[in-house]
Amino acid sequence: MSRNVYLPYSVTSEKAHIKSMEQYREMHKKSLESTAQFWSEIASQFHWETPYDVNNFYSYNFDVTKGPVQIKWMEGATTNVCYNLLDKNVRNGMGDKVAFYWEGNDPEDYSKITYKKLLEEVCRFSNVLKSKGVVKGDRVAIYMPMVFEIVIAILSCARIGAVHSIVFAGFSSDSLAERMADCKCKVLVTADSVYRGDKLLNIKSLCDIAMDKAKNFGHEVPTCIVVRHLPRLYRSMNTSNGTNGSNSDIIDLHSDVPWTDGRDYWWHDEMDDVEPSCYPVWMSAEDPLFMLYTSGSTGKPKGVLHTTGGYLLYAATTFKYVFDYHPGDVYWCTADIGWITGHSYVVYGPLANGATSVIFEGTPFYPDNGRYWSIIEKYKVTQFYTAPTAIRALMKFGEEPVKKHNLDSLKVLGSVGEPINPEAWLWYYQNIGQERCSIADTFWQTETGGHVITPLPGCTPMKPGSASFPFFGVKPILLDESGKEIEGVGEGYLVFNKPWPGMMRTLFGNHERFQSVYFSKFPGYYCTGDGARRDEDGYFWVTGRVDDMLNVSGHLMSTAEVESVLTEHPDVSEAAVVSRPHPVKGECLYCFVTPNHGVTFTPKLSSELVKKVRESIGPFAMPDVIQHAPGLPKTRSGKIMRRVLRKVAINDREVGDISTLADEHIVEELFKNRPEKS
Ligand code: ATP
Ligand code: MG
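Residues numbered from 1 in each chain as written. Chains lettered and ligands numbered in written order. Predicted model: local features only at pLDDT ≥ 70, side-chain atom pairs only at ≥ 80, totals over all residues. Heavy atoms only, no water.

### Observations concerning the site of ligand 1
In the vicinity of ligand 1, 20 residues are found, and the nearest of them are Ser297, Thr298, Thr446, Asp530 and Lys639. Contact distances for ligand 1 include 3.4 Å between a nitrogen atom and a backbone N or O atom of glutamate 418. Bound to the protein, ligand 1 loses 95% of the 640 Å² it would expose on its own. Elements with a contribution of two residues or more to the shell around ligand 1: β20 (438-442) and β25 (540-545). When grouped by side-chain class, the residues that make up the shell around ligand 1 number four nonpolar, nine polar and seven charged. (Near = heavy atom within 4 Å. Polar contact = N/O pair within 3.5 Å; in protein donor to acceptor, adjacent residues only side chain to side chain. Areas by Shrake-Rupley, 256 points an atom, 1.4 Å probe, with all protein chains shown as cover. Helix = DSSP H or I, 4+ residues; strand = E, 2+ residues; numbered from the N terminus. Nonpolar A, V, L, I, M, F, W, Y, C, P; charged D, E, K, R; others polar.)

Written as structure tokens, this is what we have:
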């Protein structure tokens, strides 16, 4: 594994918020030692209807043996997140600033919306929700493509104190039904259909099935509001001017969309009848803002609950420093709003900073493999934030698609979702960042609300594959199996013994599961479920889920380590490694390998890989099985579901809950592909 260190972009940018490691260390120290003062200075930049008390700024208990786990920030203060994101910016003269550029699936479809217009639309939709009986504390489910209306729906909920629960619009009707029933939503907001690449998805039909199924779980969804998205795509395709037109231009597809009168309403009809202003509801800092299910990589998804004040502070602050955001920048995060990354870093973080962002509806491969790079060029994107899975997928096509575009505007590149293997990191750094951009490998979770371990672009010297150092207010701790803190160099469970403002407060309606999943293994600590290593320079290396650790003949190693060696082979596109019980060694390595485009998987490749792992890590790490994987089972957010691979390795077809998988068929294929003798 490469241990080279790469210099941050402060070398060329003197404007960076944090210019040196010295400055970082000083601020980090203050954030831990004078926590209330540190965060209250940040809080003072926002509007509080009832002020917070600096002397009683936060409180918590992480120790289940001493009572229920609880986390509170600025309790008693009141504010409104939507007010801080929109009204405040408009009042500060940013009304005409573009909040979002929208880039449709089809490159001919594009549009933009200013802060002023966004505020007006949000006020209207807040009034629509109120007219459907939604009041403070009610849940609103959102199942939508990446269009302006999803942002409008989110902020409208925040404005009137409703709790949004977004379900990524790629999930099955079963997943949607379960999640709607779990949160007992009063309204479902959706769209008629959407194109993803050249595939048409009839979202509303799927919602109808889900609303039916939700009844079996004991919940009837009273109201469904539907954005008419498809006809306006047709229209803008025809006129090619890419703006959203008046309703009269829209072809009436009403008859093609399944409809239940009395329950279903068109978004545009409802918006016509309401006032463009709506007074915000002042929320207590600890009132819920939203709930969101985790990706389901390791088991049944958990309904994480985030609250108002702390989440606002944390999303805003991480966005500013981790992307080194400055006015005038154009920021683009490719994550779907249905994931936490989309919540914190498409919607809340950027708007809290008055930023201009890009929202992209399509896929990186449509109409061709250079789509991401063409969007960066078109909008002169300065910060680009994506996932290792996308980088690896695009690497397969080589440098040609990249070279066709001018990427000179880029300053900061981000990565999130999985450990990024050094091979992919270097490709990203060299080809996309042209060796002059900083890479922020951001480690965090749905539960953490925002980045917790990450380099800062202006100051942190980067080591490919390391998330490096903690963000302000965060102190990572490594524990050994017995719960003892590991000092200095070492590897163990990544935990925290103190909250930061953006941390989750509970699992919706299930505080007991919250305590047992996160706080019971090591009383007094929040357990991330991930393992990490601290190196001799104090850098943190997240090694993957603790369940994915391997113990081969007494040697502990992480799957990430073996995977990064496999993907260094020029013919390998992706690899996933799991452990399989072994009578002698205890556990052995079972590797799944996807070759590059156009490469055939041969016994020669297989033995080269075995040799490579043996040489790079050691003889004990020699894989027992290398299996050809035409594809890997991934969650819809692009993460490899290793628990399914563990089942394939032992030929056990009881694979558990795979409803969050992007493509269930791949599982069957992997079972068929097992090498016979293993
Ligand atoms: P579930 O909790 O349901 O199993 P999930 O953990 O995949 O799903 P998320 O909250 O979306 O759901 O993902 C957080 C996890 O993603 C982290 O715990 C970690 O394993 C992984 N992760 C995210 N970013 C990074 C990163 N930069 N480096 C290493 N791992 C990362
Ligand atoms: Mg998780």
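### Let's talk about the pairing of strand β18 (residues 383-386)
Residues Gln383 and Tyr385 point to one face of β18 and Phe384 and Thr386 to the other, with burial holding for every one of them. Pairing geometry for strand β16 (residues 330-333) and β18, over three bridges, is parallel. Looking at the pairing, cysteine 333 lines up with tyrosine 385 of β18. Bridge count for β18 against strand β19 (residues 412-416) is four bridges, and the pairing is parallel. (Buried < 20%, exposed > 50% of the residue type's maximum accessible area, 1.4 Å probe, protein only. Pairing = 2+ DSSP bridges.)

### Comments concerning the confidence of the model for the chain
Averaged over all residues, the pLDDT of the chain equals 92, while 95% of them reach at least 70. When the criterion is pLDDT under 50, residues 239-252 qualifies, and its contacts beyond four places in sequence or with other chains add up to 26 contacts. Of the two predicted TM-score estimates for the complex, the pTM is 0.90 and the ipTM is 0.99. (pLDDT = per-residue confidence, 0-100. Contact = heavy atoms within 4.5 Å.)

### Brief notes about the sheet that holds strand β21 (residues 477-479)
One key point about sheets: their strands pair by backbone hydrogen bonds, in either a parallel or an antiparallel sense. Here four strands make up an open sheet; going across it, the order is β21-β22-β24-β25 and the pairing antiparallel. Of all the strands in the sheet, just β21 and β25 have a single pairing partner and so form its edges. Taken over all neighbouring pairs, the strand axes of this sheet differ in orientation by 50° on average, direction set aside. As defined by bridge partners, β21 adjoins strand β22 (residues 490-496) across three bridges and the pair is classed as antiparallel. (Axes fitted to C-alpha atoms, helices over the stretch in contact; angles between N-to-C directions.)

### Quick word on the sheet that holds strand β11 (residues 223-227)
Pairing is mixed across the open sheet formed by eight strands, whose spatial order is β12-β11-β8-β6-β7-β14-β15-β23. The open sheet terminates on both sides in strands that have one partner only, identified here as β12 (264-266) and β23 (506-507). As judged from the four bridges shared by strand β6 (residues 139-143) and strand β7 (residues 163-166), these two strands associate in the parallel manner. Residue pairing for β7: alanine 141 is matched across the bridge by serine 165. Packing of helix α6 (residues 173-183) onto the sheet brings it into contact with β6, β7, β8 (187-191) and β14 (288-293), and relative to β14 it is tilted by some 150°.

### Topic: the state of the cysteines
Tallied over the full model, the rule gives zero disulfides. Here cysteine 183 stays free of any disulfide, with the sulfur of cysteine 185 as its closest cysteine sulfur at 4.8 Å. For cysteine 183, a relative accessible area of 0% gives the class buried. Looking at cysteine 207, it has no disulfide partner, and the nearest cysteine sulfur is the one in cysteine 224, 5.7 Å off. A residue is classified by how much of its surface remains accessible, and cysteine 207, at 0% relative accessible area, is buried. (Disulfide = S-S within 2.5 Å.)

### Quick word on helix α5 (residues 148-160)
The terminal C-alpha atoms of α5 lie 19 Å apart, and with 13 residues this matches the ideal 18 Å at 1.5 Å per residue to within 8%. In terms of burial, α5 is a largely internal element, 13 of the 13 residues being buried. The first or second residue beyond α5 is glycine 161, which carries a positive phi of 85°. (Expected span 1.5 Å × (residues − 1).)

### Considerations on helix α20 (residues 665-672)
Because each turn of an α-helix spans 3.6 residues, side chains separated by three or four positions in sequence point in the same direction. Restricting attention to buried positions, one finds in α20 the residues Ile666, Val667, Leu670 and Phe671. Each buried residue of α20 lies within a common arc of 145° when the element is viewed along its axis, so the set occupies one face. Counted as exposed and oriented over 90 degrees from the buried face of α20: His665 and Lys672. Those residues of α20 that are buried are in contact with β29 (586-595), β30 (625-628) and α19 (642-649). (Arc of directions from axis to C-beta.)

### With respect to the packing of aromatic side chains
Within the structure shown, the criterion is met by 56 aromatic pairs. Here the aromatic rings of tryptophan 39 and tyrosine 314 are separated by 5.8 Å at their centres, their planes lie at 50°, and the arrangement is tilted. Here tryptophan 39 is found in helix α2 (residues 35-43), whereas its partner tyrosine 314 is found in helix α10 (residues 308-322), with 275 residues between them in sequence. Tryptophan 39 gets classed as buried once you look at its relative accessible area, which sits at 0%. Given the relative accessible area of 0%, tyrosine 314 is considered buried. Relative to tyrosine 379, the ring of tyrosine 101 has its centre 5.0 Å away and its plane inclined at 40°; by these criteria the two rings are tilted. Of the two residues, tyrosine 101 is situated in strand β4 (residues 98-103) and tyrosine 379 in helix α12 (residues 371-379); the sequence distance between them amounts to 278 residues. Note on tyrosine 101: relative accessible area 22%, which makes it partly exposed. By relative accessible area, tyrosine 379 is classed as buried at 11%. The ring of phenylalanine 171 carries arginine 179 above its face, with NZ or CZ at 4.7 Å from the centroid. (Phe/Tyr/Trp six-rings, centres within 6.5 Å; stacked < 30°, edge-to-face > 60°. Lys NZ or Arg CZ within 6 Å of the ring centre and 35° of its normal.)

### Thoughts on the pattern of salt bridges
When the charged atoms of two side chains with opposite charge come close together, those side chains can pair. A complete count under the given rule lists 35 salt bridges for this structure. The salt bridge involving lysine 186 is made with aspartate 138; its shortest N-O contact spans 2.9 Å. Placement of the pair is lysine 186 in the loop between α6 and β8 and aspartate 138 in the loop between α4 (115-131) and β6, with a sequence separation of 48 residues. For lysine 213, the salt bridge identified is with aspartate 174, shortest N-O distance 2.8 Å. With lysine 213 in helix α7 (residues 203-216) and aspartate 174 in helix α6, this pair connects stretches of sequence that are 39 residues apart. The class for aspartate 174 is partly exposed, based on a relative accessible area of 41%. Here the salt bridges share partners, and the residues they tie into one network are Lys117, Glu120, Glu121 and Arg124. (Salt bridge = Lys/Arg side-chain N within 4 Å of Asp/Glu carboxyl O.)

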